[in-house]
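Fold and contact review
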Amino acid sequence: MPKSLYFCKTLERLTLSYKVLVDVPRQVSLPSLTELDLFCVVYKDEDSHVRLLSSCPVLKRLKVTRNRHVEDNVRTFSVKVPSLLRLDYKADTTFEDSDDRFLVIDTPNLLSLHIFDIFGHSFSVEYMPHLVTVVIDVLFPNENFMRSLSSVKYLALSPFDIMVPWCDAVNNYSRLVECMIFLSDQDLCESLLVLLSNCSKLKVFMVDSEIGQYANRGPGLWNQPSSVPRCLSSHLEIFEWQGYAGREYEKELIRYILENSKCLQTAGISPNSTCSEEKQKMVIELESMQRVPTSVLLSSARMLFRR
């Protein structure tokens, strides 16, 4: 990359991609840069990306993509940018030595966070009090990571690991009003109920279990909770389930949500079966439940994360 570019005072948007060598000098200044894309680039050393980010005092959006086919010379990727509003971080293939890879995020003004990480990174994330939208697909989250998201309003979760630790890491997502969750594990019922009990103001709840329809699941257990989650009794207005397979514990969980959601206005249940007879049977079972909300939408495909 030309050295002169590191001192361009008018540059507002910069994209570096495909093995461009990021060799940042000791003195660098990009006072107007607001958008930066780093797509599979190579850094001269561990500190090059740190110097680059610290030279951007008004940076608003950062997008980072890393891949094992490009050894980028960074073990700890650190994002410490006070001005940053949106961060997209994608690590889409596992490194052989992923155990010593770290992601550090310290962005107190962040509004939007999208993370796709199957490296198995260790995370160090500072609290982000202004978060609005979070989309995360992470292999091994920790409690610190989940607590840093506690101020979020719109959340989409797509974890690879067991769900319960994710859902139980925060006592109350006090601002969360809309949540979409992709499920592929066997602790479906427990996970969702723990999550619901920690989201007192949730208005929109969406579940997509199609990703796990071919998984080798156990029979599934349903233990009705001793108390009804507050969001069901006083806030939930929209409930959608994509990939409903008619398993007994799915029926019981959906029945429980429908019967206890006092403010529910719309429910959308989408069976995953392609057989018309089997799908019709599922529809009949759903319609036979004791409490059906004002408008029940039984569609073949209807799931949308609205933010």
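With that out of the way, let us pick up the pattern of salt bridges. Applying the stated rule across the entire model yields 8 salt bridges. K44 is the salt-bridge partner of D23, the closest N and O atoms lying 3.9 Å from each other. Within this pair, whereas D23 is found in the loop between strand 2 (21-22) and strand 3 (35-39), its partner K44 is found in the loop between strand 4 (42-43) and helix 1 (48-54), the two being separated by 21 residues in sequence. Notably, a salt bridge pairs R66 with D72, separated by 2.7 Å at the nearest N-O pair. An identical accessibility class is assigned to R66 and D72; each is buried. By sharing partners, the salt bridges in this structure join R13, E35, D37 and R61 into a single network.

It is worth spelling out the pairing of strand 16 (residues 266-271) at this point. Of all 6 residues making up strand 16, 6 are buried, and the element is well covered by its neighbours. Burial of the side chains of strand 16 extends over both faces: T266, G268 and S270 are buried on one face and A267, I269 and P271 on the other. When strand 15 (residues 238-244) meets strand 16, the two strands line up parallel, connected through 6 bridges. What sits directly across from F239, in strand 16, is A267. Handedness of the crossover is the feature at issue here: the chain leaves strand 15, passes through helix 6 (residues 248-260), returns alongside strand 16, and the resulting connection is right-handed.

With that out of the way, let us pick up the side chain of S151. Relative to the helices and strands, S151 resides in the loop between helix 2 (143-147) and strand 12 (154-157). For S151, a relative accessible area of 3% gives the class buried. For S151, the residues in contact, after removing those within four places along its chain, are Y127, M128, P129, H130, L131 and R175.

One key point about sheets: their strands pair by backbone hydrogen bonds, in either a parallel or an antiparallel sense. Pairing in this open sheet of 3 strands is parallel, and the strands run 6-8-10 from one edge to the other. Taken across any chain shown, the strands that pair with only one partner, and hence form the sheet edges, are strand 6 (76-80) and strand 10 (122-125). Averaged over all neighbouring strand pairs, the angle between strand axes comes to 10°, with direction disregarded.

Once that is clear, we can look at the confidence of the model for the protein chain. Overall, the prediction assigns the protein chain a mean pLDDT of 81, with 75% of residues at 70 or greater. For the protein chain, the element scoring lowest by mean pLDDT is strand 17 (residues 295-297), at 48; strand 3 scores highest, at 96. Low pLDDT, under 50, characterises residues 293-307; the stretch is placed with 56 contacts to residues that sit more than four places away or in other chains.

Going through the model one piece at a time under the given rule, you end up with 6 aromatic pairs. An aromatic cluster of three or more residues is present, and its members are Y43, F77 and Y89. One cation-aromatic arrangement involves K90 over F116; the distance from NZ or CZ to the ring centre is 6.0 Å.

Quick look at unusual backbone geometry now. Its identity as a non-glycine residue notwithstanding, C40 has a phi of 50°, on the positive side. Turning to its location among the elements, C40 is positioned in the loop between strand 3 and strand 4. Taking the relative accessible area as the measure of exposure, C40 reaches 9% and is therefore buried. Even without being a glycine, N73 presents a positive backbone phi close to 70°. Within the fold, N73 resides in the loop between strand 5 (61-66) and strand 6. Owing to a relative accessible area of 37%, N73 belongs among the partly exposed residues under this scheme.

How each quantity is defined
- Residues numbered from 1 in each chain as written.
- Predicted model: local features only at pLDDT ≥ 70, side-chain atom pairs only at ≥ 80, totals over all residues.
- Heavy atoms only, no water.
- Salt bridge = Lys/Arg side-chain N within 4 Å of Asp/Glu carboxyl O.
- Helix = DSSP H or I, 4+ residues; strand = E, 2+ residues; numbered from the N terminus.
- Buried < 20%, exposed > 50% of the residue type's maximum accessible area, 1.4 Å probe, protein only.
- Pairing = 2+ DSSP bridges.
- Right-handed = clockwise from strand over helix to strand, strands pointing away.
- Contact = heavy atoms within 4.5 Å.
- Axes fitted to C-alpha atoms, helices over the stretch in contact; angles between N-to-C directions.
- pLDDT = per-residue confidence, 0-100.
- Phe/Tyr/Trp six-rings, centres within 6.5 Å; stacked < 30°, edge-to-face > 60°.
- Lys NZ or Arg CZ within 6 Å of the ring centre and 35° of its normal.

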